[in-house]
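Examination of the molecular architecture
Chain residues, written in single-letter form:
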Amino acid sequence: MTEPSKLIDERVEELGDWRGVPTRCYDGMLCTGESYKDKGKLTFAKGAEIDAESFKELIRAAVALNTA
């Protein structure tokens, strides 16, 4: 039986690029987007500048949603 990590490595090499994951680019890759049953996820390739207060408020809102 092939180890899962080897299967993943083979699949990544087979694809050769970011196909299968929605990717936003502008003069290079900006971010990827993933969708799940009830949520979405953005991953920024080179990070993103975030306003500290807005980020704190976002975390507070997420905590409030979880504890409601």
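Placed above this text is the structure.
In short, a report on the structure. In this text the structure is predicted, and so the values were computed from the model without any measurement.

1. A look at the sheet that holds strand β3 (residues 40-44)
Pairing is antiparallel in the open sheet, where three strands are placed in the order β1-β2-β3. Of all strands in the sheet, those bounded by a partner on one side alone are β1 (23-25) and β3. Shown here is a sheet whose adjacent strand axes are inclined to one another by a mean of 20°, direction ignored. Across three bridges, β1 lies against strand β2 (residues 29-35) in antiparallel orientation. Paired with R24 across the strands is C31, a residue of β2.

2. Considering helix α1 (residues 4-15)
With twelve residues, α1 should reach 16 Å at 1.5 Å per residue; the first-to-last C-alpha distance of 17 Å fits that figure. Of all twelve residues in α1, zero are buried, a share of ten percent or less.

So, how was this worked out
- Residues numbered from 1 in each chain as written.
- Predicted model: local features only at pLDDT ≥ 70, side-chain atom pairs only at ≥ 80, totals over all residues.
- Heavy atoms only, no water.
- Pairing = 2+ DSSP bridges.
- Helix = DSSP H or I, 4+ residues; strand = E, 2+ residues; numbered from the N terminus.
- Axes fitted to C-alpha atoms, helices over the stretch in contact; angles between N-to-C directions.
- Expected span 1.5 Å × (residues − 1).
- Buried < 20%, exposed > 50% of the residue type's maximum accessible area, 1.4 Å probe, protein only.

None of this, on its own, says anything about what the molecule does.
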